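# Coordinate analysis (summary)
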Amino acid sequence: MKRIKKLLSVLLILVLLPVELLSTRVQVRADASALAASYNTDVNYIAYATEVEDQSQTNYCWAYMADAVLESYLMKTGMASNADFSEQDMVRQLSSGYYAFSDLYSGGSYRQALAYWTRGRSYGPCLEQNAGPADYYVSETAELGRYQRDSDASKQNYIQKIKNLVVKYGAAGVSVYFTAQDRRHMTRDGAYYYPQELSPGVNHGVTVVGWDDNFAPQWFYNSLTTPQQPGNKGAFLVKNSWGKYDASSIGGNTGYYWISYDNYFQDAFAVTQVTERSKLYDSMYETDYRGFYDFGYGDSYSQTYQLSGGAQYLTAVSTYVREGASYRIYLNGQELTQTGGTMAQSGYHTFQLANPVSVYGTIELRVDVSGNVEAVPMASAADSHQADGNNVCLKAFTRYQSGNTNPSWNPGSSWNPGTAWYPDTSWNTGSSAMVTGVTLSPQECTVARGGSRLFTAKVLGSGNPSQRINWQISGSSSRYTRITENGMLYVSPDEVSEVLYVYANSYADSGHSASARVAVSKDQNPAATVSGSGTGSSPDGTKGTGVTNINGSQTGDASVQIPGNSSGSTNGNAAADGSGSTGGETEEDSGIVQTGEADKGLYTVWEDGTVQYTKCTGKNRTSISIPANVRLEGEEYEVSVLGEGAFRGHKKVKTVTVGIHVSQIEEYAFDGCKQLKKIMIKSEQIEYMGENAFRGIHAKGVIYVPRSCLKEYREMVRETGNKKVQVKAYD
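In every chain, residue numbers begin from 1 and rise along the written sequence. Side-chain atom pairs in this predicted model are given and counted only at pLDDT of 80 or more, local residue features only at pLDDT of at least 70, and totals for whole chains, interfaces and linings cover all residues. Water and hydrogen atoms play no part in the side-chain values, which are based on all heavy atoms of the structure.

This part covers the overall build of the protein. If you tally the helices and strands in the protein, you get 8 helices and 48 strands. In the protein, which comprises 731 residues, the proportion classed as buried is 57%. In what follows, a contact means two residues having at least one pair of non-hydrogen atoms within 4.5 Å. Here the analysis covers contacts within the protein between residues at least 6 apart in sequence; of these, 70% occur between residues at least 24 apart. Shrake-Rupley sampling with a 1.4 Å probe provides the accessible areas, and residues are treated as covered by the protein chains on show and by no other component. Counting every atom, the protein has about 29,200 Å² of accessible surface; 45% of that belongs to carbon and sulfur. Helix and strand definitions follow DSSP, with helices as H or I runs of at least four residues and strands as E runs of at least two, each counted in order from the N terminus. Note on classification: 1.4 Å probe, protein chains only; a residue is buried when its accessible area is under 20% of the maximum for its type, exposed when over 50%, partly exposed between these limits.

So this is what it looks like as structure tokens:
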């Protein structure tokens, strides 16, 4: 359960989370993650995806694809809840001015977008609602290039790598052959296929958000080609940029497509790290304003810069790297031992220095590469199909000492220990951190539907690396199956998948992760019986106060089942004396005391006494009340949390009353409740409202709140991403 969300949301508003720095050279290898047969396949609920947009009659699909990838990364990492970047600003900046491209009108690629993201301070990315650039700097990417079209093994490896990017970073951009004019001839109910062997190349960019390895060939049909259907099963789920109400897309109104694995695709990429610009540098020195063209022959390249503004500290160096190649970086002939190493993946890479180096006047940066004869990253010319002479992609980042930008400042003066440019991190000249791996326990286990299991992870390395973990799951068929920020996996009672995968990703270095396989079992033990009489709401469910009883005895008006846990017992009473047990680890040990249903609502009781309204089970109810309290085995608890997706997709509910003790309304709580016109919030102590909590409610819906909380709650509702719903006060 996310019990500290308000604190986290405040911190994220103020600053982006710190990035751990490499302090010594290290050989980095990509992790081979176990992946489920399907991931993120519910087109009505795509995790880490913003709204589908429409490129209209332009050739700028690459800009929409690139922004969608960046937006997904920010959502995945929690750096932004629902970022919306301006494609028009990207195109404007790249097509005008001294460093413009001359051929954007005929199309582009993610490399142009990356040039826009990584230029100096006066450039993008720019949010749609803001006039100026946001404080985001894309400091690292993963770029897959192309596979061998005549090698099935090469393609399968490519598909696997795309999946890894999606799981770790939220989404991956990919280029395909797909024309808007012929889309109705190439698709069947949003399933797109064009034979790889006939594909003339690529001409369109889409965003991969999920996959299904068992997607059947018969769901595809292309009337323009022979064969008309793929020979193999499997497809990616992709977000397109031809508008949400695209008749050829899935359902005719989603903007999403299934694309067969048998299509040809290339140039897959993902954003793998974003840093706050203002915390990274005061000055950036660069000559590669148009970004990267291609790698040229050579094993060494350099760039010389004349610094402006007096003595500075070199804080970072960026360039383009190749997977498997080893890098050494030199400043004025002296090796920067804090940087370099063997690269796990190709792409743009920013080497940040744990201990910045004092510089003044003219500096020369040189990069020596071993392990690849084509290692020189050539900068792009105005014509993106040509290199910009001998210009290379090699940037330098510097900062001034806080409060001292005077050119006469003595470059020999020591760094002020009180100065900090990484948020929440005080400068420590002796600090260094390096992540070398992640361990996860257990690596294999069984969890029953309705049960839970606590996972623990440890980040390995030197210099006291951050232990923060980004938890993820894949393979789930239920939107209610989830894993908390503390590693608690909860398997929903309606989960139908037989296998899930849990991922523990190092937040400081997302290239390191560990995975666990979870077998999902049916309830093999007798379910505990929970019964009681509901006294907390009126028959129509509109009353917002009172007590809902969940009684451990076998008597009462309503009897419900508490799912068992294959790895242990529930805390429900299987017998009248409360002695029922299935043995082994209990739910209390894993954080959950009990789950139970009352008045068409599923509740979760946690060991700290917190009670969450987890899910509405009354699919035909039009009026629902979340009570103030729940009584369990004679003890009364306050209902303080409205759980993630509690009412999601409820097709008939029209009014909801939220009880007086609720302090958190979690993500997607009312998402997709199209008939929901009235939400009455009686609580005056709400501290957190999650992203998209009110997305997709009725267009004329109104949220009524206490007058004393009107301003604060209205702002919180807007921060969830819903800019239009009315928020009104009642006395």
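Criterion used throughout: strands pair if DSSP finds at least two bridges between them. Sheet architecture is open: 5 strands sit in the order β40-β43-β45-β47-β48, paired in parallel fashion. Where the open sheet ends on each side, the last strands, each with one partner, are β40 (623–626) and β48 (726–730). Averaged over all pairs of adjacent strands, the angle between strand axes in this sheet comes to 15°, irrespective of strand direction. Alignment of strand β45 (residues 678–681) against strand β47 (residues 702–706), held across 3 bridges, turns out to be parallel. Residue pairing across strands places K678 opposite V702, the latter belonging to β47. Lines fitted to the C-alpha atoms define the axes, with helices restricted to the stretch that makes contact. Angles between their N-to-C directions range from 0 to 180 degrees.

With respect to the element layout, H349 can be found in strand β18 (residues 347–359). Assessed through its relative accessible area of 14%, H349 is described here as buried. Not counting residues up to four positions away in its chain, the partners in contact with H349 are S139, E140, V317, S318, T319, V321 and M343.

The subject of this paragraph is the environment of Y264. Along the chain, Y264 falls in the loop between β9 (256–260) and β10 (265–276). Through-space distance from the C-alpha of Y264 to that of V176 is 6.3 Å; in sequence the pair is 88 residues apart. Ignoring anything within four residues of it in the chain, the contact list for Y264 reads R146, Y147, R149, S175, V176, Y177, Y194, Q196, S199, G201 and V202. N or O atoms within 3.5 Å of each other form a polar contact, as long as, within protein, one can give a hydrogen and the other can take it, and as long as residues adjacent in sequence are counted only when both atoms are side-chain atoms. At 2.7 Å, the side chain of Y264 and the side chain of Q266 are in polar contact.

Bringing the packing of aromatic side chains into the picture now. The pairing test for Phe, Tyr and Trp rings, Trp by its six-membered ring, is centres within 6.5 Å, and the orientation test on the planes gives stacked under 30 degrees, edge-to-face over 60, and tilted for anything in between. Within this structure, the stated rule accounts for 30 aromatic pairs. Here the aromatic rings of Y110 and F269 are separated by 4.4 Å at their centres, their planes lie at 10°, and the arrangement is stacked. Taken together, the positions of Y110 in helix α4 (residues 110–118) and F269 in strand β10 put the pair 159 residues apart, joining distant regions of the chain. Classification of Y110 by relative accessible area gives buried; the value is 4%. Placement of a charge over a ring requires the Lys NZ or Arg CZ to be within 6 Å of the ring centre, with the centre-to-atom vector within 35 degrees of the ring normal. Over the ring of Y330 we find R366; its NZ or CZ atom is 4.2 Å from the centre of that ring. A cation sits over an aromatic face here: K678 above Y704, 5.9 Å from the ring centre.

Our focus in this paragraph is the packing of helix α2 (residues 61–77) against helix α3 (residues 87–95). Two elements in contact, α2 and α3, have axes whose closest approach is 9 Å; the angle formed by their N-to-C orientations is 120°. Viewed along their axes, α2 and α3 adopt a mutual orientation that is oblique. The handedness of the crossing between α2 and α3 comes out as right-handed. Between α2 and α3, the contacting residues are W62, A63, Y64, D67 and E71 on the first element and E87, Q88, M90, V91 and L94 on the second. Throughout this description, any angle smaller than 35 degrees is read as roughly parallel, any larger than 145 degrees as roughly antiparallel, any in the 65 to 115 degree range as roughly perpendicular, and the remainder as oblique. Should the near helix be turned counterclockwise from the far one by less than a right angle, the crossing is left-handed, whereas a clockwise turn marks it as right-handed.

Before going further, it helps to examine the pairing of strand β8 (residues 235–239). Within β8, 5 of the 5 residues are buried, which leaves the element mostly enclosed by the surrounding structure. Alternating residues of β8 divide into A235, L237 and K239 and F236 and V238, and every residue in both groups is buried. The pairing of β8 with β9 spans 5 bridges and is classified as antiparallel. Along β9, the bridge assignment pairs K239 with Y256.

What follows is about the environment of K239. Its location among the elements puts K239 in strand β8. Under the relative-accessibility criterion, K239 is labelled buried at 6%. For the pair formed by K239 and E51, sequence separation is 188 residues and the distance between their alpha carbons is 9.2 Å. Among residues more than four places away in sequence, those in contact with K239 are T50, E51, V52, A68, E71, V206, T207, V209, G255 and Y256.

The subject of this paragraph is the sheet that holds strand β12 (residues 292–296). Judged by pairing direction, the sheet is antiparallel, and its 3 strands sit side by side in the order β12-β20-β21 without closing on themselves. Looking at which strands have only one partner, the edges of the open sheet turn out to be β12 and β21 (387–392). The sheet shows a mean angle of 40° between the axes of neighbouring strands, direction not considered. One ladder, built from 2 bridges, connects strand β20 (residues 376–380) with β21; its direction is antiparallel. Residue pairing for β21: M378 is matched across the bridge by V392.

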